Amino acid sequence: MSTKTYAAFNEVDALAPHTIERRQLSPKDIFIDIEYCGVCHSDIHTAKGDWGKPNYPVVPGHEIIGRIKEVGSEVTNFKVGDLVGVGCMVESCQDCHPCEEGLEQYCENGFTGTYNSKNSKHGGVTYGGYSENIVVEEKFVLRVPENIDVKAAAPLLCAGITTWSPLRHWNVKPGDKVGVIGLGGLGHMGVKFAKAMGAHVVMITTSESKGADAKKLGADEVLISKDNAQMEAHKNSFDFLLNTIPVKHDANPYLNLLKLDKTMCIVGAIEPIEAVNGGLLVMKRKNLAGSLIGGIKETQEMLDFCGEHNIVSDVEVIDIQTINTAYERMMKSDVKYRFVIDIKSLKEA
């Protein structure tokens, strides 16, 4: 099936229109007519070759919302017309221990990414949501609540689950003091989720100007991390820290904020961080951890929670023809807090 897309063809040129071939439906496949696709920093890093040379042409996009247009003969849980989503994965081995536990993101044989991954089962390379449609196996399709803002739901499939998963894994509960470090695409979702879970939420940022925004999102307090007096006042007081800083940084000052036996989880920096003082971990048995996205079951739980609490991302909707400008703005943090592509602009081009 010929499908219009936008693609990166090399590390330096702008994304441009491209046509790909989607596979014909197998019995367990679902054909999705895409309506919206979020824009993630991972899209930029992959398109620009920051994480190694990709399989060009790259069609990015792993925050996909659309409606089912056709289902395979063995699909049992979905029907034509359902509102669905596709996140960062479209396949995993289903045989290893993590897969059996519903943790496909940690598949020991490597999950198949929604784009720029070799597809071991169907052949070729996967292409993402900067496109008119997508074909995905039923196992990796998610049901999206009809009551939430569809366009603003798209980033839940990456930014949302990336912050939800650690909050759930480390059992954030009502009354916990939770710090969210960094206010961006990930951080703003962390604030919303932690608040809805009943936590006392503290936005931790270097920027005083972000304080008002953080409180509008639900933060109870704002802690300016470059203010030594404020950091000292919050020392040894946090039950959990969600660190969304997307680049190399010094984690040591934040570790001082944790209580005995508590955890700081890194979800933003997919690169080396600065040296950590082991004494900060040893003296109060603190934990420094990391977390990826979430498995399919957990992602569905998150979407259901969003439906119950009316939680979506704060988004700016764009036409796909402005994607290169959006990339430039993202690199300058000039978006609150996530771009979402209206795929109608691609279909009508």
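Residues numbered from 1 in each chain as written. Predicted model: local features only at pLDDT ≥ 70, side-chain atom pairs only at ≥ 80, totals over all residues. Heavy atoms only, no water.

**A closer look at the overall build of the protein**
Argument step 1. In terms of regular secondary structure, the protein is built from 12 helices and 17 strands.
Argument step 2. With respect to the three principal axes, the spread of C-alpha positions in the protein is 60 × 40 × 40 Å.
Argument step 3. When the 349 residues of the protein are sorted by exposure, 55% land in the buried category.
Argument step 4. In the protein, 66% of the contacts between residues at least 6 apart in sequence involve partners at least 24 apart.
Argument step 5. Per element, the accessible surface of the protein, about 14,900 Å² overall, is 49% carbon and sulfur. (Helix = DSSP H or I, 4+ residues; strand = E, 2+ residues; numbered from the N terminus. Buried < 20%, exposed > 50% of the residue type's maximum accessible area, 1.4 Å probe, protein only. Contact = heavy atoms within 4.5 Å. Areas by Shrake-Rupley, 256 points an atom, 1.4 Å probe, with all protein chains shown as cover.)

**Quick word on the pattern of salt bridges**
Argument step 1. One pass over the structure, following the stated rule, counts 20 salt bridges.
Argument step 2. Measuring nitrogen to oxygen at the nearest pair gives 2.9 Å for the salt bridge that ties D29 to R23.
Argument step 3. As a salt-bridge pair, R143 and D82 come within 3.2 Å of each other at their nearest N and O atoms. On the criterion of sequence distance, the pair formed by R143 in strand β9 (residues 142-143) and D82 in the loop between β4 (64-71) and β5 (83-86) is long-range, its members being 61 residues apart.
Argument step 4. R143 sits in the partly exposed class, given a relative accessible area of 33%.
Argument step 5. The class for D82 is buried, based on a relative accessible area of 8%.
Argument step 6. Several salt bridges share partner residues, and in doing so they unite E35, R67 and E146 into one network. (Salt bridge = Lys/Arg side-chain N within 4 Å of Asp/Glu carboxyl O.)

**A closer look at unusual backbone geometry**
Argument step 1. Cis geometry is found at the peptide bond from Y56 to P57, where omega equals -5°.
Argument step 2. Omega for the bond connecting K336 with Y337 falls within 30 degrees of zero, at -5°, which places this linkage in the cis form.
Argument step 3. In this fold, Y337 is placed in the loop between α11 (323-331) and β17 (338-342).
Argument step 4. Although it is not a glycine, N171 adopts a positive phi angle of roughly 55°.
Argument step 5. By secondary structure assignment, the location of N171 is in the loop between α4 (159-169) and β10 (177-181).
Argument step 6. Residues other than glycine seldom take positive phi values, yet S333 does so here, at roughly 60°.
Argument step 7. You can see S333 is positioned in the loop between α11 and β17.

**Quick look at the nonpolar core**
Argument step 1. Of all hydrophobic cores here, the largest spans 87 residues; its most connected members are Y130, L156, F193 and I323.
Argument step 2. Setting aside residues no more than four positions away along its own chain, I323 makes contact with Y6, L15, V39, Y130, I318 and I341. (Core = buried A, V, L, I, M, F, W, Y, C linked by side-chain atoms within 4.5 Å.)

**Structural notes on the sheet that holds β10**
Argument step 1. Read across the open sheet, the six strands follow the order β12-β11-β10-β13-β14-β15; overall the sheet is parallel. Pairing within the sheet leaves two strands with one partner each, and these edge strands are β12 (221-224) and β15 (287-290). For this sheet the average axis-to-axis angle between neighbouring strands, irrespective of direction, equals 20°.
Argument step 2. Bridging between β10 and strand β11 (residues 200-205) involves five bridges; their strand directions are parallel. Among the inter-strand pairings, V178 is bridged to a residue of β11, identified as V201.
Argument step 3. Helix-sheet contacts for α4 involve β10, β13 (238-243) and β14 (258-266), and the interaxial angle to β13 is about 155°. (Pairing = 2+ DSSP bridges. Axes fitted to C-alpha atoms, helices over the stretch in contact; angles between N-to-C directions.)

**Digging into the environment of Y327**
Argument step 1. Within the secondary structure layout, Y327 lies in helix α11.
Argument step 2. Given the relative accessible area of 4%, Y327 is considered buried.
Argument step 3. In the structure, Y327 is positioned 286 residues away from H41 in sequence and 8.4 Å away in space, judged by C-alpha atoms.
Argument step 4. Every residue in contact with Y327, bar those within four places of it in the chain, is listed here: L15, V39, D43, I44, A47, P60 and Y130.

**Quick look at the packing of aromatic side chains**
The description of an aromatic ring pair uses the distance of the two centres, along with the angle that the planes make with each other.
Argument step 1. One pass over the full model with this rule turns up four aromatic pairs.
Argument step 2. The rings of W164, F193 and F305 are connected pair by pair, giving a single aromatic cluster. (Phe/Tyr/Trp six-rings, centres within 6.5 Å; stacked < 30°, edge-to-face > 60°.)

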